[in-house]
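Here's the letter readout for the chains.
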Amino acid sequence: MRKWIKRVLLALVLLAVPVVGYGAFRFGHPSLPAESRTLASSVARPGDVSVRYFGTTTLAFSDGTNTVMVDALLTRPGMRQVMFGKVASDPALIDATLKRAGLAKIDLLLVSHTHYDHALDIAAIANRTGATIVGSPSTREVALGGAIPSARIVTVKGGEQLHTGDFTVTVIRSLHSLGDRVPGEVTAPLGQPATAKDYKEGGTFAFLIEHRGFRILVHASANFVPGMYRGVKADAVFLATGGLSTHPVGFAQAYWHEVVETTGAKLVVPIHWDDFLEPLDQPLQPLRRFLDDIPLTMTRIAPLAARDHVAIRYLPVIAPVDIAAATASAKP
Ligand SMILES: [Zn+2]
């Protein structure tokens with residue numbers, strides 16, 4: 001009888017090893033591929049553009065006089081709040097983060113789409129920095145819900161150009177990554193707290209940001225409208241990689257062709273690869289594998305970059321990077 005129990009226990013232990021191992025593989029954070037390189041922090045001369053990265057797709061481009069921000073997720077609520085509770089901007093955290101980044105004044109806050117991981121903090125940031133918010137009709141509702149006056153909201157469809165100082169922004173209509181979990185429009189002012197599902201997609205844009213002849217393309221969701229960049233040239237592309245791993249390799253190739261090859265960019269900066277359910281004061285880690293397999297995506301993209309002589313570099317968190325200098329010096 002004892003022997004029988006021992007055998008059952010042994011079988012259970014042997015069975016548990018692969019199950020636990022597989023669970024750890026799927027639910028743990030993977031590492032970026034070993035060859036991944038992060039740009040060193042460097043402050044641009046006054047008049048040149050420094051970029052600061054806040055994880056996911058949240059970026060700020062400043063030339064010392066004017067600042068253009070893309071997307072707004074600083075609060076990064078945890079998984080429990082996002083899946084089962086409500087989300088809201090954290091005022092103290094936003095104050096501290098903006099202060100650390102030296103962002104007292106922001107001119108334009110461009111919103112790629114209104115999912116919470118792009119739009120949660122637009123009103124909190126615009127209220128503190130005087131930013132004009134630019135985005136879809138859904139973006140307008142999120143801004144109104146956060147008490148941004150109508151005069152500081154610009155609703156766009158794609159094709160518009162906006163100017164602030166030496167920055168020119170062109171709004172380009174795009175598509176959300178495949179498998180949108182929260183499609184639809186925000187149709188009434190959206191206050192906080194709200195559920196993550198209240199932040200419906202509302203249409204997706206890419207932004208071409210030009211500054212004294214240097215061209216930065218921010219493509220914040222991994223999909224495209226065929227031909228959307230016909231005639232568009234870019235020096236550096238901030239390329240969303242989230243969601244690519246769950247589709248056939250041909251989709252990543254088509255995406256690369258449309259966004260990187262067509263624009264002739266020589267530097268690609270991956271964005272939307274980090275686990276935004278973790279706070280920003282922790283080192284960024286790739287999304288958990290059950291959500292997305294970022295290392296797999298990067299192994300699909302690396303040969304395309306090598307073929308096209310394009311350098312791939314990650315950004316440090318919040319520290320400034322002289323983006324034109326980084327583009328000029330990054331070797332594939
Ligand atoms: Zn989204």
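Before any of the text, the structure's been laid out above.
Residues numbered from 1 in each chain as written. Predicted model: local features only at pLDDT ≥ 70, side-chain atom pairs only at ≥ 80, totals over all residues. Heavy atoms only, no water.

1. A word on the sheet that holds strand β10 (residues 214-219)
Strands pair in a sheet through their backbones, by hydrogen bonds, and they do so in one of two ways: parallel or antiparallel.
Item 1. Ordered by their spatial adjacency, seven strands build an open sheet running β7-β8-β9-β10-β11-β12-β13, and the pairing between neighbours is mixed. The outermost strands of the open sheet, each flanked by one partner alone, are β7 (161-164) and β13 (311-312).
Item 2. Sheet topology places strand β9 (residues 204-211) next to β10; five bridges connect them, and they run antiparallel. Along β10, the bridge assignment pairs His211 with Phe214. (Pairing = 2+ DSSP bridges. Helix = DSSP H or I, 4+ residues; strand = E, 2+ residues; numbered from the N terminus.)

2. Topic: the sheet that holds strand β1 (residues 50-53)
Item 1. Pairing is mixed across the open sheet formed by seven strands, whose spatial order is β6-β5-β4-β3-β2-β1-β14. The open sheet is flanked by β6 (153-155) and β14 (321-322), the only strands paired with a single partner.
Item 2. Strands β3 (67-70), β4 (108-110) and β5 (132-135) of the sheet are contacted by helix α5 (residues 122-129), whose axis makes an angle of about 145° with β5. (Contact = heavy atoms within 4.5 Å. Axes fitted to C-alpha atoms, helices over the stretch in contact; angles between N-to-C directions.)

3. Comments concerning the coordination of the zinc ion
Item 1. Coordination of the zinc ion by the protein involves His113 (NE2), His115 (ND1) and His176 (NE2), with metal-donor separations of 2.1 to 2.2 Å.
Item 2. When the donors of the zinc ion are listed by position in the chain, the intervening gaps give H-x1-H-x60-H. Both residues of the pair, His113 and His115, count as buried. (Donors = N, O, S within 2.8 Å, 3.2 Å for Na, K, Ca; no water. Buried < 20%, exposed > 50% of the residue type's maximum accessible area, 1.4 Å probe, protein only.)

4. Considerations on the packing of helix α3 (residues 91-101) against α5
Item 1. Their axes nearest at 11 Å, the elements α3 and α5 cross at an angle of 55°. It follows that α3 is oblique to α5 by the angle criterion. In the crossing of α3 with α5, the sense of the turn from one axis to the other is right-handed. For the pair α3 and α5, the contacting residues are Pro91, Ile94, Asp95 and Leu98 in the first and Ala124, Ile125, Arg128 and Thr129 in the second.
Item 2. Its residues assigned to classes, the contact of α3 with α5 shows five nonpolar, one polar and two charged. (Parallel < 35°, antiparallel > 145°, perpendicular 65-115°, else oblique. Left-handed = near helix turned anticlockwise from the far one by under 90°. Nonpolar A, V, L, I, M, F, W, Y, C, P; charged D, E, K, R; others polar.)

5. Looking at the environment of Leu59
Item 1. You can see Leu59 is positioned in strand β2 (residues 59-62).
Item 2. Take Leu59: its relative accessible area is 0%, and that puts it in the buried class.
Item 3. A C-alpha to C-alpha distance of 9.8 Å links Leu59 and Leu110, two positions 51 residues apart in sequence.
Item 4. When sequence neighbours within four positions are dropped, the list of residues in contact with Leu59 reads Val51, Arg52, Tyr53, Phe54, Val68, Met69, Val70, Val218, Phe238, Ile271 and Leu315.

6. Topic: unusual backbone geometry
Item 1. Look at the link from Gln192 to Pro193: it is a cis peptide, with omega at 0°.
Item 2. Within the secondary structure, Pro193 is located in the loop between β8 (167-174) and β9.
Item 3. With a phi close to 60°, Asp71 is a non-glycine residue in the positive phi region.
Item 4. Inspection of the secondary structure assignment puts Asp71 in the loop between β3 and α2 (79-84).
Item 5. Although it is not a glycine, His272 adopts a positive phi angle of roughly 60°.
Item 6. By the element assignment, His272 lies in the loop between β12 (267-271) and α8 (294-307).
Item 7. Classification of His272 as buried rests on a relative accessible area of 12%.

7. Focus on helix α7 (residues 249-261)
Item 1. Within α7, the full set of buried residues consists of Phe251, Ala252, Tyr255, Trp256, Glu258, Val259 and Val260.
Item 2. Buried residues belonging to α7 abut β10, β11 (236-240), β12 and α8.

8. Examining the pattern of salt bridges
Item 1. According to the stated counting rule, one finds 11 salt bridges in the structure shown.
Item 2. Ionic pairing is found between Asp274 and Arg76, a salt bridge with its closest N-O pair at 2.9 Å. Here Asp274, found in the loop between β12 and α8, pairs with Arg76, found in the loop between β3 and α2; they are 198 residues apart in sequence, far enough to count as distant.
Item 3. Its relative accessible area of 0% is what places Asp274 among the buried residues.
Item 4. Judged by its relative accessible area of 3%, Arg76 is buried.
Item 5. In this structure, Arg288 engages Glu278 in a salt bridge whose closest nitrogen and oxygen atoms are separated by 2.9 Å. Of the two residues, Arg288 is situated in the loop between β12 and α8 and Glu278 in the loop between β12 and α8; the sequence distance between them amounts to 10 residues.
Item 6. Assessed through its relative accessible area of 23%, Glu278 is described here as partly exposed.
Item 7. Because the salt bridges share partners, they merge into one network encompassing Glu261, Arg307 and Asp308. (Salt bridge = Lys/Arg side-chain N within 4 Å of Asp/Glu carboxyl O.)

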